[in-house]
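As a plain string of letters, each chain reads:
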Amino acid sequence: MLSVSQKAALVSMIFLLVVIGFWEANSQPPKAQEALSEYELLMGGADQEARIPPPSAIAVKAWEELSDPFYDKGPNDKGIGIQLAYSISRVLSGYLLAAFIAIPIGFVIGMSPLMYRALNPYIQILRPISPLAWMPLALFIIKDSETSAIFVIFICSIWPMLINTAFGVASVRRDWINVARTHELSPLRTALTVILPAAAPTILTGMRISIGIAWLVIVAAEMLVGGTGIGYYVWNEWNNLDLTSVIFFDFNDRSGRHVVGPRTQ
Amino acid sequence: MTAHFLQVQDLTKRFSGKNQTPLTVFDKVSFNIDKGEFVCIIGHSGCGKSTIMNTLSGLDSPTSGGVIMDGKEVSGPSLDRGIVFQNYSLLPWLSALDNVRFGVKARWPSWSKAQIKQHSLDYLELVGLKGAENRKPAQLSGGMRQRVSIARAFATQPKLLLLDEPFGALDALTRGVIQDELVKICVKTHQTVFMITHDVDEAILLSDRILLMSNGPNAVIAESVTVDIPKPRQRGDIIKNPGYYTLRNHLVDFLVNRSASSHYKEQTRPLMSNPIKSQLSKEKSEPLAPRSCAVSEILPTGT
């Protein structure tokens, strides 16, 4: 008898094969096309219908890209590894900057009811703004597309961390605070030895949500700012009408997500 | 005034909300504790025992009145007063040893790491937790957690130990074992202890003196009963003491029949403003002799 996980793997494989087989079977070019002249082929052939490239074409493309991920043939043609590295470095710098600011401010808001009430209106107003809506403003103020992309990552990942840290800090059990008070700990020692470990799970949850959002936003941000990165890559290939590369990227995006952070989904 | 170790003077706590009549939890509570004394306070819930405890610890401040310990007014939490909370209040991410070490490190910041560790281990051993020092609170039973909590409080060698219903959440068997340990440790260290309890037998077993609180609101300390069954006491032997049941019946009778009476509230308030003082001065003149009667003084409430 197979164990549950073996059965699950088997069912998964069957699903995969069915979907890939269906896709492959339905995206073959029409027979007539093969007999067309080169001119007709360039004009789109007899069949005017655009088709999604079949999985086999994508596999070939993937092999091609992955076997040489770090080539650099000028600004418009770089290996997928280089593009990923650009995106990851942007996400990480924006994200770390956000963590650096959000966690201390979250502590202050969580520990002081006064600061909570004073800052809450601003947080509630700024938080729902779509990260990409900041882009024009960032481009205008910063005047540098690279830094603007990092800023967008920063602004989208700051809120979950800020709110989770404040919430985690504010809901540390009263008893533990009392333990710190009866042991005459200074506010800083209390924050580091009692509140930080007690709030750590909530803070980490905020950090995980943030990195997930940051990775979603970087692709869109790079489509806008261009130059380098996987968002730029996929948009560039779309402009080249190279759907094979676009689909290859869409799978590849998952692997980037694993590089950047813990499994968020 | 003779300098008692701890003086509680005219302590009043009033909670006033916006559209509410202010609620006076307890009113002008005064009592003293001498060095080395073990004092229990018994009363129905809601009479403000825990609030008194929090005021003594400095975590809460009274509406009026004050607490003087060792010549100094209590104005905030201090390492001079160790607290064992009802729900243990251990830090769950620290091992038993680290929880004790947390207190020791705060008490003597200049000690070396080895010294702090050794001191902490000594106290864990004192409460019978040798070998369990690396376990997290979640891996300890309720009784063991409370022992860690007791070790943490004792290890800082506070001048006054405050116990807030420390055995309330434990089963009867565990409670008995830890009570015995507490008796042993107190005999060894001559610790001054103030303890809240609901358990009459526990109070008799442990204390030198039992304060009885009338029901809140406007609670007062109605009586101060001296327990003069000779120490050290054994759980098994104590019930054979001829005074035991007299004392026990008196306490239970108070809790069941007399604690609610308005008798304590209106009629006698002026006289009750400092009920224990007269009591203590009498005790001074006739020191605790092994008398057969357990109830040495029951404060005359109407005189």
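Residues numbered from 1 in each chain as written. Chains lettered and ligands numbered in written order. Predicted model: local features only at pLDDT ≥ 70, side-chain atom pairs only at ≥ 80, totals over all residues. Heavy atoms only, no water.

Trainee: How do you make sense of the overall build of chain B when you look at a structure like this?
Mentor: Assigned secondary structure in chain B consists of 9 helices and 10 strands. The proportion of buried residues among the 303 residues of chain B is 55%. Long-range pairs, those at least 24 residues apart, make up 72% of the contacts in chain B with a sequence separation of at least 6. (Helix = DSSP H or I, 4+ residues; strand = E, 2+ residues; numbered from the N terminus. Buried < 20%, exposed > 50% of the residue type's maximum accessible area, 1.4 Å probe, protein only. Contact = heavy atoms within 4.5 Å.)

Trainee: What's the story with the overall build of chain A in this structure? I'm lost.
Mentor: Counting its regular elements, chain A contains 12 helices and 0 strands. Moving toward the C terminus, one meets the helices and strands of chain A in the order α-α-α-α-α-α-α-α-α-α-α-α. Looking at chain A residue by residue over its 265 residues, the buried ones come to 41%. When the accessible surface of chain A is split by element, carbon and sulfur atoms take 69% of a total near 15400 Å². (Areas by Shrake-Rupley, 256 points an atom, 1.4 Å probe, with all protein chains shown as cover.)

Trainee: So what exactly am I meant to see when it comes to the nonpolar core here?
Mentor: In a soluble, globular protein the nonpolar side chains are often hidden away together inside. Core analysis: the largest hydrophobic core is formed by 89 residues, its most contacted members being Leu6, Phe31, Ile52, Phe194 and Met213 of chain B. Take this core: its biggest share by element is 14 residues, from helix H10 (residues 187-225) of chain A. Those residues in contact with isoleucine 52 of chain B that sit more than four places away from it in its chain are Phe26, Val29, Phe31, Ile41, Phe194 and Met213 of chain B. Core analysis: the second largest hydrophobic core is formed by 53 residues, Val84, Ile150, Val200 and Leu205 of chain B among them. (Core = buried A, V, L, I, M, F, W, Y, C linked by side-chain atoms within 4.5 Å.)

Trainee: Quick question: what am I supposed to make of the packing of H10 of chain A against helix H11 (residues 230-239) of chain A here?
Mentor: When two helices pack together, you describe them by how their axes are tilted relative to each other and by the distance separating the axes. Residue and element names in this part refer to chain A. The contact between H10 and H11 brings their axes to 6 Å, and the two run at 50°. The orientation of H10 relative to H11 falls into the category oblique. In terms of crossing hand, the pair formed by H10 and H11 is right-handed. Each of Trp215, Val219, Glu222 and Met223 in H10 lies in contact with H11, whose residues at this interface are Ile230, Gly231, Tyr232, Val234 and Trp235. Class assignment of the residues belonging to the contact of H10 with H11 gives a composition of 7 nonpolar, 1 polar and 1 charged. (Axes fitted to C-alpha atoms, helices over the stretch in contact; angles between N-to-C directions. Parallel < 35°, antiparallel > 145°, perpendicular 65-115°, else oblique. Left-handed = near helix turned anticlockwise from the far one by under 90°. Nonpolar A, V, L, I, M, F, W, Y, C, P; charged D, E, K, R; others polar.)

Trainee: How should I be thinking about the side chain of histidine 250 of chain B in this particular structure?
Mentor: Residue and element names in this part refer to chain B. The topology assignment puts histidine 250 in helix H8 (residues 244-258). On the basis of relative accessible area, histidine 250 is assigned to the buried category, the value being 14%. In this structure the side chain of histidine 250 is engaged in a polar contact, spanning 2.7 Å, whose partner is the side chain of glutamate 223. (Polar contact = N/O pair within 3.5 Å; in protein donor to acceptor, adjacent residues only side chain to side chain.)

Trainee: Got a minute to help me understand the sheet that holds strand S10 (residues 221-226) of chain B in this structure?
Mentor: Neighbouring strands of a sheet are bound in pairs by backbone hydrogen bonds; such pairs are parallel or else antiparallel. All names here are of chain B. With mixed pairing, 6 strands are arranged side by side in an open sheet as S6-S7-S8-S3-S9-S10. The sheet is open, and its two borders are formed by strand S6 (81-84) and S10, each paired with just one other strand. Taken over all neighbouring pairs, the strand axes of this sheet differ in orientation by 20° on average, direction set aside. Pairing of strand S7 (residues 160-164) with strand S8 (residues 192-197) involves 5 bridges; the strand directions are parallel. Its bridge partner lying in S8, leucine 161 is registered against valine 193. (Pairing = 2+ DSSP bridges.)

Trainee: What is the right way to read the packing of aromatic side chains from this model?
Mentor: How two aromatic rings sit relative to each other is given by the distance of their centres and the angle of their planes. Residues and elements named next belong to chain B. Counted under the stated rule, the structure contains 6 aromatic pairs over all chains. Taking 5.5 Å as the distance between ring centres and 15° as the angle between the ring planes, the aromatic pair formed by phenylalanine 31 and phenylalanine 194 counts as stacked. Taken together, the positions of phenylalanine 31 in strand S2 (residues 23-33) and phenylalanine 194 in strand S8 put the pair 163 residues apart, joining distant regions of the chain. By relative accessible area, which is 0% here, phenylalanine 31 ends up buried. (Phe/Tyr/Trp six-rings, centres within 6.5 Å; stacked < 30°, edge-to-face > 60°.)

Trainee: So what exactly am I meant to see when it comes to a nonpolar patch on the surface here?
Mentor: Together, Leu2, Leu10, Ile14, Val18 and Val19 of chain A line one region of the surface with nonpolar side chains, adding up to about 460 Å² of accessible area. Looking at the element boundaries, isoleucine 14 of chain A is found in helix H1 (residues 4-26). (Patch = residues over 30% accessible without salt bridge, like charges linked within 9 Å, V, L, I, M, F, W, Y side chains within 5 Å. Salt bridge = Lys/Arg side-chain N within 4 Å of Asp/Glu carboxyl O.)

Trainee: Please clarify how the side chain of serine 207 of chain B should be interpreted in this entry.
Mentor: Residue and element names in this part refer to chain B. With respect to the helices and strands, serine 207 occurs in the loop between helix H6 (200-206) and strand S9 (209-213). One polar contact links the side chain of serine 207 to the main-chain carbonyl oxygen of alanine 203, over a distance of 2.2 Å. The residues contacting serine 207, other than those within four sequence positions of it, are Phe38, Val39, Cys40, Val227, Lys231 and Arg233.

Trainee: Just checking my understanding: could you explain the pattern of salt bridges for this structure?
Mentor: A side chain of one charge can pair with a side chain of the opposite charge when the charged atoms of the two come close. If you walk through the whole model with that rule in mind, you get 19 salt bridges over all chains. Across the pair lysine 78 of chain A and aspartate 72 of chain A runs a salt bridge, and its minimum N-O distance is 3.4 Å. In this structure lysine 78 of chain A comes out as buried when scored by relative accessible area, which is 12%. Residues aspartate 70 of chain B and lysine 159 of chain B are paired through a salt bridge, measuring 3.3 Å at the closest nitrogen-oxygen approach. Residue aspartate 70 of chain B is located in the loop between strand S4 (64-69) and strand S5 (72-73), and its partner lysine 159 of chain B is located in the loop between helix H4 (142-155) and S7; the two are separated by 89 residues in the primary sequence.

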